[in-house]
Each structure stands twice: as structure tokens, then as C-alpha cells.
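An overview of the molecular structure
Below, each chain spelled out in residue letters.
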Amino acid sequence: MELVLYTRVGCHLCDEAKGTLAPVLREFGVALKEVDVDTDPGLAQRYGEQVPVLMLDGRKLAKYRIDVAQVRRALELLKKVGLTP
């Protein structure tokens with residue numbers, strides 16, 4: 001299971017997303033991989049100004065604003081099938 005947050009430096013929505021995610025990540029014992037899109041020209045072109053983007057196993061879970069209830073449901077489902085700690 002891989003949870004990736006695509007961000008960029010100076011993005012207030014990205015900072016907000018990280019803060020919003022922190023409690024639920026602790027609750028489930030899940031690590032978040034943070035990727036700065038500006039470190040890769042391909043990612044910068046792909047995402048442009050459309051960050052933050054939260055991906056769960058390669059599928060978009062959220063863009064711009066994080067819905068904690070949606071993240072929690074996804075992690076609960078993965079936990080039921082044994083894919084989270």
C-alpha cells in the first residue's frame with residue numbers, strides 16, 4: 001500500500017493537506033510519501049498548479065482539499081483486507 005501526496009514548496013493547500021492527513025495517518029500507522037512535483041519536469045507538467053494530489057496505490061483519492069472521512073474509509077477498507085499495518 002502506497003499513499004503519495006504530490007505537493008510543491010509554498011503551496012498553502014499542500015501544507016493544509018499534510019496537517020489534515022497527519023492524525024489519520026497516525027491512527028492507521030501509515031506512512032505518507034511526499035513528492036515535490038517541481039523536482040521532476042514530467043510531474044511539474046502533469047500536475048501544473050493542480051496540487052496537492054493524494055494518490056493511494058496509483059489511484060487519485062483527492063485533489064486540492066483532503067476529505068478525511070474519505071481517506072479514513074479507504075484505509076479502513078485496506079485494513080480489513082490486510083493491506084495496512
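The structure we're discussing is the one just above.
The structure contained in this document is the topic of the report that follows. (Residues numbered from 1 in each chain as written. Predicted model: local features only at pLDDT ≥ 70, side-chain atom pairs only at ≥ 80, totals over all residues. Heavy atoms only, no water.)

1. As for the side chain of Thr-7
- Along the chain, the position of Thr-7 falls in strand β1 (residues 3-7).
- Of the polar contacts made by the side chain of Thr-7, one reaches the side chain of Glu-34; its length is 3.5 Å.
- Residues contacting Thr-7, with those up to four places away along its chain left out, are Cys-14, Glu-34, Val-35, Asp-36, Val-37 and Val-51. (Helix = DSSP H or I, 4+ residues; strand = E, 2+ residues; numbered from the N terminus. Polar contact = N/O pair within 3.5 Å; in protein donor to acceptor, adjacent residues only side chain to side chain. Contact = heavy atoms within 4.5 Å.)

2. Structural notes on the sheet that holds β1
- Read from one edge of the open sheet, four strands run β2-β1-β3-β4, paired in mixed fashion. Where the open sheet ends on each side, the last strands, each with one partner, are β2 (33-36) and β4 (59-63). Taken pair by pair, the neighbouring strands of this sheet meet at an average axis angle of 25°, ignoring direction.
- Against the sheet, helix α1 (residues 12-28) engages β1, β2 and β3 (53-56), with an angle of about 165° to β1. (Pairing = 2+ DSSP bridges. Axes fitted to C-alpha atoms, helices over the stretch in contact; angles between N-to-C directions.)

3. Structural notes on unusual backbone geometry
- Following Val-51, the chain continues to Pro-52 via a peptide bond in cis, the omega torsion being 0°.
- Phi at Asp-57 is positive, roughly 50°, even though this residue is not glycine.
- With respect to the element layout, Asp-57 can be found in the loop between β3 and β4.
- Relative accessible area serves as the criterion here: at 42%, Asp-57 is assigned to the partly exposed category.
- A positive phi angle, near 70°, is found at Tyr-64, a position not held by glycine.
- Given the relative accessible area of 32%, Tyr-64 is considered partly exposed. (Buried < 20%, exposed > 50% of the residue type's maximum accessible area, 1.4 Å probe, protein only.)

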